[in-house]
Amino acid sequence: MKKPIIEVKNLIAKYDETLVLDNIDVDIYPGEVTIILGGSGCGKTTLIKNILRLYQPIQGSIKIFGKETMGLSQESLEPVLKNIGMLFQNGALLNSISVFDNIAIPLEQHTKLPAQIIEKIIKVKLHLVQLEKATNLLPSELSGGMKKRAALARSIALDPQILFCDEPSAGLDPITSVKLDELILKLKEQLNMTIVVVTHELASIHRIADKIIFLEKGKKLFHGSLAEAKKSNIPEIVDFFQSGKF
């Protein structure tokens, strides 16, 4: 039986005095696409940011690759985080530099590879996301879908074992969204990645989800397969799959 690649136990998170995540237990398994769902303000993105220690949890246990990360210093946490990629909702590309230079950032910051090797890696990543012709373009010269693919190339620059995606289809037209989902699945297979996605896009969920985590008012309402979620008869989940949005 596979062991979880991420284990979250009894996680509590707050913004100031506001409780955002209330005693969350979640296991994420390797090689799967896990979708985090829930209404606005339910804690979806907060869960990701606490796992990655972008925010500091109040209490709980977070194991990644079997290693407890709670209490680790930033220096001790860095080797763990180097094996994790993050695709931010807006792409978070630096507008003043080229696509090539954006993708080079993690390679230059976290490796001691020579420039010619970094160049080869960047070309491979751009090929994987079908963006070879955009190497020297600025982010402002890219379409919405191209920006997401460029950001995706940067997020996989260090060959992460885990990829987090925060609303990857946000702002994309339906056709571009389909292509991005297909690319995410392709990368999962080719690079043997575990992928965690925050999204509310119903069509996207049906295309890529292996497992569903459903949050409601900071609590875990459901965790299981997509098929199990649709048969759960939990009112909030029934409403979601009937309406497709909150």
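Note: the structure precedes this text.
First things first, this report covers the structure right here in the doc. Position numbers for residues count from 1 along each chain, tracking the sequence in the order it is written. Given that this is a predicted model, residues contribute local features only at a pLDDT of at least 70 and side-chain atom pairs are listed and counted only at 80 or more, while totals for whole chains, interfaces and linings are drawn from all residues. Side-chain descriptors were evaluated using all non-hydrogen atoms of the structure, hydrogens and water having been removed beforehand.

A closer look at the packing of aromatic side chains
- Working definition: rings of Phe, Tyr and Trp (its six-membered ring) pair if their centres are within 6.5 Å, and the pair is stacked with planes under 30 degrees apart, edge-to-face with planes over 60 apart, and tilted otherwise. Within the structure shown, the criterion is met by three aromatic pairs.
- Look at Phe214 and Phe240: their rings are 6.3 Å apart centre to centre, the planes differ by 75°, and that puts the pair in the edge-to-face class. Residue Phe214 is found in strand S9 (residues 211-216), and its partner Phe240 is found in helix H9 (residues 235-243); the two are separated by 26 residues along the sequence.
- Exposure categories follow from relative accessible area, calculated using a 1.4 Å probe and restricted to protein chains: below 20% of the type maximum is buried, above 50% is exposed, and the middle band is partly exposed. We classify Phe214 as buried; its relative accessible area is 0%.
- Plain terms: the ring middles of Phe240 and Phe241 are 5.2 Å apart, the flat faces sit at 85° to each other, and that makes the pair edge-to-face. Taken as a pair, Phe240 and Phe241 share a single burial class, namely buried.
- An aromatic cluster of at least three residues, connected via ring pairs, comprises Phe214, Phe240 and Phe241. Numbering of helices and strands starts at the N terminus; helices are DSSP runs of H or I of at least 4 residues and strands are runs of E of at least 2.

Comments concerning unusual backbone geometry
- A positive phi angle, near 60°, is found at Asn23, a position not held by glycine.
- Note that Asn23 resides in strand S2 (residues 18-28).
- Given the relative accessible area of 42%, Asn23 is considered partly exposed.
- Positioned with a positive phi, Asn192 is a non-glycine residue whose angle comes to about 55°.

As for the packing of helix H3 (residues 99-110) against helix H5 (residues 144-155)
- Fitted lines through C-alpha atoms give the axes, limited to the stretch in contact for helices. The angle between two N-to-C directions lies from 0 to 180 degrees. With their axes 8 Å apart at the nearest point, H3 and H5 run at an angle of 30° to one another. It follows that H3 is roughly parallel to H5 by the angle criterion. Note that H3 runs across H5; the crossing there is right-handed. Residues Val99, Asn102, Ile103 and Pro106 of H3 pack against Ala150, Ala153 and Arg154 of H5.
- We call Asp, Glu, Lys and Arg charged. Ala, Val, Leu, Ile, Met, Phe, Trp, Tyr, Cys and Pro are nonpolar, and the rest, Gly among them, are polar. Grouping the amino acids of the contact of H3 with H5 by side-chain chemistry returns five nonpolar, one polar and one charged. Here is the rule for angles: anything less than 35 degrees is roughly parallel, anything more than 145 is roughly antiparallel, 65 through 115 is roughly perpendicular, and the remaining ranges are oblique. By convention the crossing between two helices is left-handed if the near helix lies anticlockwise of the far one by an angle smaller than a right angle, and right-handed if it lies clockwise. We call two residues in contact whenever any of their non-hydrogen atoms come within 4.5 Å of each other.

Notes on a nonpolar patch on the surface
- Judged by side-chain polarity, Tyr15, Leu54, Tyr55 and Phe88 come together as a nonpolar surface patch covering roughly 360 Å² of accessible area.
- Position of Leu54 among the secondary structure elements: in the loop between helix H1 (44-51) and strand S4 (59-64). Patch rule: a residue counts if its relative accessible area is over 30% and it has no salt bridge; like charges are joined within 9 Å, and nonpolar side chains (Val, Leu, Ile, Met, Phe, Trp, Tyr) within 5 Å. Using the Shrake-Rupley algorithm and a 1.4 Å probe, accessible areas are obtained, with residue cover drawn only from the displayed protein chains. Put simply, a salt bridge is a Lys or Arg side-chain nitrogen that is within 4 Å of an Asp or Glu carboxyl oxygen.

A word on the nonpolar core
- Nine residue types can take part in a nonpolar core, namely buried Ala, Val, Leu, Ile, Met, Phe, Trp, Tyr and Cys, and a core is a set of them joined through side-chain atoms within 4.5 Å. By size, the foremost hydrophobic cluster in this structure holds 46 residues, and its most contacted members are Ile35, Leu152, Ile195, Ile205 and Ile212.
- If one sorts the elements of this core by residue count, helix H4 (residues 115-128) sits on top with five residues.
- Among residues more than four places away in sequence, those in contact with Ile205 are Ile35, Leu37, Thr199, His200, Ile212, Leu226 and Phe240.
- Counting residues in hydrophobic clusters, the runner-up holds 28 residues, among them Leu11, Ile62, Ile162 and Val196.

Re the pattern of salt bridges
- Using the criterion set out here, one finds eight salt bridges in the structure.
- Ionic pairing is found between Lys219 and Asp22, a salt bridge with its closest N-O pair at 2.6 Å. One end of the pair, Lys219, is in strand S10 (residues 219-225); the other, Asp22, is in strand S2, and 197 residues separate them in sequence.
- Between Lys123 and Glu119 there is a salt bridge; the shortest N-O distance is 3.4 Å. Separated by four residues within a single helix, Lys123 and Glu119 lie in helix H4, roughly one turn from each other.
- Of the residues examined, Glu119 reaches a relative accessible area of 34% and is grouped as partly exposed.
- In the salt-bridge network here, residues are joined through shared partners; they are Lys188, Glu189 and Asp210.

Comments concerning the sheet that holds strand S1 (residues 6-15)
- Here a strand pair is declared whenever DSSP counts at least two bridges between the two strands. Judged by pairing direction, the sheet is antiparallel, and its four strands sit side by side in the order S2-S1-S4-S5 without closing on themselves. The open sheet has two free edges, formed respectively by S2 and strand S5 (67-68), since each of these has just one partner strand.
- Of the pairings in the sheet, the one linking S1 to S4 comprises five bridges and is antiparallel in character. Across the sheet, residue Val8 finds its bridge partner in S4, namely Ile62.
- Packed onto the sheet, H1 meets S1, S2 and S4 and runs at close to 115° relative to S1.

Quick look at the pairing of strand S6 (residues 84-87)
- Residue alternation in S6 divides its side chains into two sets, Ile84 and Met86 and Gly85 and Leu87, and both sets are buried.
- Pairing geometry for S6 and strand S7 (residues 162-166), over four bridges, is parallel. Among the inter-strand pairings, Gly85 is bridged to a residue of S7, identified as Leu163.

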